[in-house]
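Survey of secondary and tertiary structure
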Amino acid sequence: MSTRPVPLGRRSVTALLLVTAVGVTAFGWPLLASTKSALIGHSADAPWLFALLLPLLLAVVIAQISEGRSAGGGAPGLDAKSVALLGVLAAAGAALRPLGAGTAGLEPMFFLMVLSGRVLGPGFGFVLGSLSMFASALLTGGVGPWLPFQMLAMGWVCLGAGLLPGASSLRGRRELWLLAAYGALASLLYGTIMNLQGWPYIGGLAGSISFHPGDPLPANLVRFAAYCLTTSLGWDLPRAALTVVLCVTLGTPVLRTLRRTTRRAAFDAPVTFHPPER
């Protein structure tokens, strides 16, 4: 049985559902806007979303700690060792992202986020994905209105990896191909979701792919699909292909290292205190 430093309990599920609800609203509200709505980009609402996102991430962390402490001798929640591992992996993800330099959508950090979410669980994964994207933005100077949306999208990528079946039993080539397939799908969905945060505000597009405020939702979704196919698919497919290649070729040693780290750190060991000997 693989240990996970951040167990997913009721408080954590509640916090993650709240973050997800806020994220879906932030991404999708322009699709429901009326023709009289002033769509001026995310420069106005992104600071408010970022200010809301950080406390919600903190709420996920607090939920882990409180659940661990109330477990009655079970997993200790998000303790110092978990925080240390979170920091190391977030720094590694931030360092991997600039290696592709944005060339053709190649972002090698995706495979590490998928594998980390798989081993360490959905709660840890969501926090890790969000913090990794935040750290990479500080590292590359990519801070802007898009940052809170990137944090949410990458958090969902890692959360989904933690929810894949067979976490404690599936191993070997079958697990690698499962992670590779999920990594490819997540890479495509990440690009699609990030398109959604910018597409309604882009002017000068052809009518067949532009956003029409107030139009029925199905009609706008058809134009959005056409927009993704004609503009970003050439970036999303290389990202997906690179993620598949890295998961298949480097997945085994990375998974083994992550699992060995969690075992040696004994995240699930109860904390006990003994009186000093006299």
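Residues numbered from 1 in each chain as written. Predicted model: local features only at pLDDT ≥ 70, side-chain atom pairs only at ≥ 80, totals over all residues. Heavy atoms only, no water.

Another aspect to go through is the pattern of salt bridges. With the rule as written, the count across this model stands at seven salt bridges. Across the pair Arg239 and Glu107 runs a salt bridge whose closest N-O atoms are separated by 3.2 Å. Taken together, the positions of Arg239 in helix α8 (residues 217-265) and Glu107 in the loop between α3 (80-96) and α4 (109-120) put the pair 132 residues apart, joining distant regions of the chain. The two residues Arg239 and Glu107 agree in class, both being buried. Among the salt bridges present, the one from Arg118 reaches Glu175, with a minimum N-O distance of 2.9 Å. Of the two residues, Arg118 is situated in helix α4 and Glu175 in helix α7 (residues 173-198); the sequence distance between them amounts to 57 residues. In this structure Arg118 comes out as buried when scored by relative accessible area, which is 1%. (Salt bridge = Lys/Arg side-chain N within 4 Å of Asp/Glu carboxyl O. Helix = DSSP H or I, 4+ residues; strand = E, 2+ residues; numbered from the N terminus. Buried < 20%, exposed > 50% of the residue type's maximum accessible area, 1.4 Å probe, protein only.)

The first and last C-alpha atoms of helix α1 (residues 10-28) sit 27 Å apart over 19 residues, in line with the 27 Å expected at 1.5 Å per residue. By the burial criterion, the buried members of α1 are Ser12, Ala15, Leu16, Val19, Gly23, Ala26, Phe27 and Gly28. (Expected span 1.5 Å × (residues − 1).)

Where like charges cluster on the molecular surface, the positive patch consists of Arg256, Arg260, Arg263 and Arg264. With respect to the secondary-structure elements, Arg264 resides in helix α8. Given the relative accessible area of 70%, Arg264 is considered exposed. (Patch = residues over 30% accessible without salt bridge, like charges linked within 9 Å, V, L, I, M, F, W, Y side chains within 5 Å. Areas by Shrake-Rupley, 256 points an atom, 1.4 Å probe, with all protein chains shown as cover. Lys, Arg positive; Asp, Glu negative; His and termini not counted. Charge placed at Lys NZ, Arg CZ, Asp CG, Glu CD.)

What follows covers α4. Counted at 1.5 Å a residue, the expected span for α4 with its twelve residues is 16 Å, and the 16 Å between its end C-alpha atoms agrees. With twelve of its twelve residues buried, α4 lies for the most part within the structure. Those residues of α4 that fall on the buried side of the exposure criterion are Met109, Phe110, Phe111, Leu112, Met113, Val114, Leu115, Ser116, Gly117, Arg118, Val119 and Leu120. Phi turns positive, to about 100 degrees, at Gly121, one or two residues after α4.

Another point: the environment of Ser12. Within the fold, Ser12 resides in helix α1. Taking the C-alpha atoms as reference points, Ser12 and Gly123, 111 residues apart in sequence, are found 7.0 Å from one another.

The description of an aromatic ring pair uses the distance of the two centres, along with the angle that the planes make with each other. Evaluation of the coordinates by the stated rule reveals six aromatic pairs. On the numbers, 5.1 Å between centres and 80 degrees between planes, the contact of Phe110 with Tyr190 is edge-to-face. Highlighted residues: Phe110 in helix α4 and Tyr190 in helix α7, separated in sequence by 80 residues. Residue classification places Tyr190 among the buried positions, given a relative accessible area of 4%. On the basis of an interplanar angle of 70 degrees and a centroid distance of 5.3 Å, the ring pair of Trp199 and Phe211 is categorised as edge-to-face. Taken as a pair, Trp199 in the loop between α7 and α8 and Phe211 in the loop between α7 and α8 lie far apart in primary sequence, twelve residues in all. Put simply, the rings of Trp199, Phe211, Phe224 and Tyr227 pair up and form one aromatic cluster. (Phe/Tyr/Trp six-rings, centres within 6.5 Å; stacked < 30°, edge-to-face > 60°.)

A residue-level look at the chain finds 78% of positions with pLDDT of 70 or above and a mean pLDDT of 80. Every residue in residues 71-76 scores below 50 in pLDDT, and together they form ten contacts with partners more than four places removed in sequence or on other chains. (pLDDT = per-residue confidence, 0-100. Contact = heavy atoms within 4.5 Å.)

Before going further, it helps to spend a moment on the packing of α4 against helix α6 (residues 147-162). The contact between α4 and α6 brings their axes to 6 Å, and the two run at 45 degrees. Relative to α6, the element α4 is oriented oblique. Here α4 runs over α6; the crossing is right-handed. Packed against α4, whose contacting residues are Met109, Phe110, Met113, Val114, Gly117 and Arg118, the element α6 presents Met154, Val157, Cys158, Ala161 and Gly162 at the interface. Considered class by class, the residues forming the contact of α4 with α6 number eight nonpolar, two polar and one charged. (Axes fitted to C-alpha atoms, helices over the stretch in contact; angles between N-to-C directions. Parallel < 35°, antiparallel > 145°, perpendicular 65-115°, else oblique. Left-handed = near helix turned anticlockwise from the far one by under 90°. Nonpolar A, V, L, I, M, F, W, Y, C, P; charged D, E, K, R; others polar.)

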